[in-house]
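# Residue-level structure breakdown
Here is how the chains run, residue by residue.
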Amino acid sequence: MKEFEYKMPAKVRFGVGITNNLGRILREELGFQKAFIATDKGIAAAGILEKITNSLDGDGFPYQVYDALIPDPTIEVVDEAADVLRNSGADVVVAVGGGSPIDTAKAMCMLQTHEGSVRDYLFGGTKQVERPIMPLICVPTTAGTGSEMTAASVITNNQEKTKVSVTHENLIPKMALIDPSLHVGMPPFITATTGMDALTHAVESYVSLNAEPISDAMGIAAIRMIGENLRTAVSDGSNLEARTNMALASTIAGAAFLNGGLGVVHGIAQTIGAVAHVAHGTANALLLPYCMERNLVGNLKKFRQIAQALGENTDGMTDRQAAQAAADAVFQLARDLHVPMKLKDVGVTREMFPEIIKGTMEYRLLAVNPCKLTEKDVEEILLRAFE
């Protein structure tokens, strides 16, 4: 067995209705005095923010709400939010929302203890994260991104049409507060695409060259839970058991990819997000089975295990056939969930391919993809997913 290191992610508090105790947790368990609630207008419109503020009001815990965050946060939005936070008098940030608000909050908190713009700290930038960030508590409202468990904050650079991350262990949140009851009102399409995002994390971390025994155990467990629950969560959003299992699977998958890493699916999806403005979950959902087909030969036995975890009967199959069954199972899952399955259906054009290929080849985690890929390989994946 190779030598490995396992990083313990954020402390997790998990339970239906646990956010009702948010004020008590902040004051009595963690010793904070004022919260800065970082969220977006969609969370407010959905009534989720009111549940959080009602909890804080009930406990008499002071807070300030900032709901100007946006999907795919830009450098400018992060820097502006960081300035507001700096003048708020808060001693803890509570990020409420999906991956974008949580990623924004990580960067905002980092800028409270580091000078300059978030631009300076993005991959390839001029500055490094060196100190602890302002304390961050994450309340995810989707079961998919896993950002509440990880060390990365993905930021959009509109000038260069790229999505690049600030990545450092100091960005791992202090606590993730997972309340499946907040997910009940999530629309079917968002449930589907964020769920496929979680599946992508689990699959890519499981077959990554950086995979190790603990991340493997978490990755395969998340794959099994998603295979068993995602269809129900999409079809019947009020099914609290399915919601709870998906929330847990997303959290587990986030911890898996913090340690195991990702691969070509995220390399392409991140670039498509910047170039064609395709939502991250949608891009991952679309690309995952096509990339699995290309990566099968990199680890046939693990892909066989993925097929089994997704409920496929691989008895009597060769490893190659069983590995293909894993990709086929994900194609079928995507069809059942009615997510887009072709790039041309989400606004990607053939003319964008050179820029997408370039961005994918620059993705830092492409190095741990199970197969070494060339520009030609990425082009073939794009063509297969386009036509």
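Described below are features of the structure shown in this document. (Residues numbered from 1 in each chain as written. Predicted model: local features only at pLDDT ≥ 70, side-chain atom pairs only at ≥ 80, totals over all residues. Heavy atoms only, no water.)

## Quick notes on the sheet that holds strand 1 (residues 11-14)
- Across the sheet, 6 strands lie side by side as 1-8-5-4-2-3; this open sheet has parallel pairing. Among the strands making up the open sheet, the edge pair consists of strand 1 and strand 3 (63-69). Shown here is a sheet whose adjacent strand axes are inclined to one another by a mean of 20°, direction ignored.
- Examined bridge by bridge, strand 5 (residues 136-140) and strand 8 (residues 175-178) share 2 bridges and lie parallel to one another. Bridge pairing in strand 8 links Ile 137 to Met 175.
- The sheet strands contacting helix 3 (residues 48-58) are strand 2 (35-40), strand 3, strand 4 (92-97) and strand 5, and the helix crosses strand 3 at an angle near 165°. (Pairing = 2+ DSSP bridges. Helix = DSSP H or I, 4+ residues; strand = E, 2+ residues; numbered from the N terminus. Axes fitted to C-alpha atoms, helices over the stretch in contact; angles between N-to-C directions. Contact = heavy atoms within 4.5 Å.)

## Focus: the packing of helix 6 (residues 188-207) against helix 12 (residues 319-337)
- At their nearest, the axes of helix 6 and helix 12 sit 10 Å apart, and the two run at 165° to each other. One way to sum up the angle between helix 6 and helix 12 is to call them roughly antiparallel. Of the two elements, helix 6 crosses helix 12, and the hand of that crossing is right-handed. In this structure, helix 6 uses Ala 192, Met 196 and Leu 199 to contact helix 12, whose residues at the interface are Val 330, Leu 333, Ala 334 and Leu 337.
- Across the contact of helix 6 with helix 12, the residue classes break down as 7 nonpolar, no polar and no charged. (Parallel < 35°, antiparallel > 145°, perpendicular 65-115°, else oblique. Left-handed = near helix turned anticlockwise from the far one by under 90°. Nonpolar A, V, L, I, M, F, W, Y, C, P; charged D, E, K, R; others polar.)

## Topic: the pairing of strand 4
- Most of strand 4 is tucked away: 6 of the 6 residues are buried.
- Side-chain alternation along strand 4 places Val 92, Val 94 and Val 96 on one buried face and Val 93, Ala 95 and Gly 97 on a second face that is also buried.
- Sheet topology places strand 2 next to strand 4; 4 bridges connect them, and they run parallel. Bridge pairing links Phe 36 to Val 93 in strand 4. (Buried < 20%, exposed > 50% of the residue type's maximum accessible area, 1.4 Å probe, protein only.)

## What to know about the packing of helix 13 (residues 353-361) against helix 14 (residues 375-386)
- Running from amino to carboxyl end, helix 13 crosses helix 14 at an angle of 130°, the nearest separation of the two axes being 10 Å. Looking at the two axes, helix 13 sits oblique to helix 14. Between helix 13 and helix 14 lies a crossing whose hand is right-handed. Touching Phe 353, Ile 356, Ile 357, Thr 360 and Met 361 of helix 13 are Glu 375, Val 378, Glu 379, Leu 382, Leu 383 and Phe 386, all from helix 14.

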